[in-house]
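These are the residues of each chain, in order.
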Amino acid sequence: MLLYMSSNPGKAQSTPLHSVSVAGAVVREDGRVLAIRRADNGTWEPPGGVLELTETVEDGVRREVSEETGLKVSVKHLTGVYKNVTRGVVALVFRCHLEGGAEQLSEESTAVEWLTAEEVKARMGEVYAVRLLDALDNEGDSAPRIRTHDGQRLIA
């Protein structure tokens, strides 16, 4: 459901509100990337979630990775912008560097693992796998990818 805002209480505005989410593509020195299996639906995804109103984007990435995995990261650079046109969600994915901590489960994750690119392709749905694969391809020397999807498949 998309929400609309208007300064005139009796009239809906045509500009929809969007939700902004952030995710960390944490890449180890051996080239493996961090992923979680979500507790609510069992899917494999990069750690992330909805950005809170009062936090910076970088703080949101660090918080989400820490909450879901127990790991501390530094945020390096934006690797992709992904829009779900069905739900009105814009996801910002950042390549991150592991700073410390130990992998642990949370209320949001039932598994935390370091995956190869091939394992990412095998375990994740297309719209989440591409986020980590884009991050693995972007070491900071190229522009972020911009992609659109319907929640299941890439559109652009």
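Structure first, text after, so check above.
Residues numbered from 1 in each chain as written. Predicted model: local features only at pLDDT ≥ 70, side-chain atom pairs only at ≥ 80, totals over all residues. Heavy atoms only, no water.

(A) Region of the structure containing the overall build of the chain. A count of helical and extended segments in the chain gives 3 helices and 8 strands. Starting at the N terminus, the α and β elements of the chain follow one another as β-β-β-β-α-β-β-β-α-α-β. The C-alpha atoms of the chain give a radius of gyration of 16 Å, which matches the 15 Å a tight globule of 156 residues would have. Across its three principal axes, the chain shows a C-alpha extent of roughly 55 × 30 × 30 Å. Going through the 156 residues of the chain one by one, you find that 40% of them count as buried. Sequence-distant contacts in the chain: of pairs separated by 6 or more residues, those separated by 24 or more amount to 62%. As displayed, the chain has an accessible area near 8700 Å², and 50% of this comes from carbon and sulfur atoms. A gap of 5 Å separates the mean positions of the 18 positive and 24 negative side-chain charges of the chain. (Helix = DSSP H or I, 4+ residues; strand = E, 2+ residues; numbered from the N terminus. Rg over C-alpha atoms; globule rule 2.2 N^0.38 Å. Buried < 20%, exposed > 50% of the residue type's maximum accessible area, 1.4 Å probe, protein only. Contact = heavy atoms within 4.5 Å. Areas by Shrake-Rupley, 256 points an atom, 1.4 Å probe, with all protein chains shown as cover. Lys, Arg positive; Asp, Glu negative; His and termini not counted. Charge placed at Lys NZ, Arg CZ, Asp CG, Glu CD.)

(B) Quick look at the pattern of salt bridges. A full pass over the atoms with the stated rule returns 13 salt bridges. Between R38 and D40 there is a salt bridge; the shortest N-O distance is 2.3 Å. Judged by relative accessible area, D40 falls into the exposed class, the value being 58%. When the shortest N-O distance is used, the salt bridge between E55 and R63 registers 2.6 Å. Taking the relative accessible area as the measure of exposure, E55 reaches 16% and is therefore buried. (Salt bridge = Lys/Arg side-chain N within 4 Å of Asp/Glu carboxyl O.)

(C) Up close: the sheet that holds strand β3 (residues 44-45). In spatial order, the strands read β3-β2-β7; together these 3 strands make up an open sheet with antiparallel pairing. If you trace the sheet from one side to the other, it starts and ends with β3 and β7 (109-115), each paired once. In this structure, strand β2 (residues 33-38) lies alongside β3, joined through 2 bridges in antiparallel fashion. Of the residues in β3, the one forming a bridge with I36 is E45. Docked against the sheet, helix α1 (residues 57-69) engages β2 and β7, running at close to 60° with respect to β2. (Pairing = 2+ DSSP bridges. Axes fitted to C-alpha atoms, helices over the stretch in contact; angles between N-to-C directions.)

(D) Region of interest: the sheet that holds strand β1 (residues 19-26). Spatially, 5 strands are ordered β4-β1-β6-β5-β8 in an open sheet, and the strand pairing comes out mixed. Of all the strands in the sheet, the pair left with one neighbour each is β4 (48-50) and β8 (145-149). Across this sheet, the average inter-strand angle for adjacent strands is 30°, counted without regard to direction. As judged from the 8 bridges shared by β1 and strand β6 (residues 89-101), these two strands associate in the parallel manner. Bridged to S19 within β6 is V89. Contacting β1, β4, β5 (71-84) and β6, α1 crosses the sheet at an angle of about 110° to β5.

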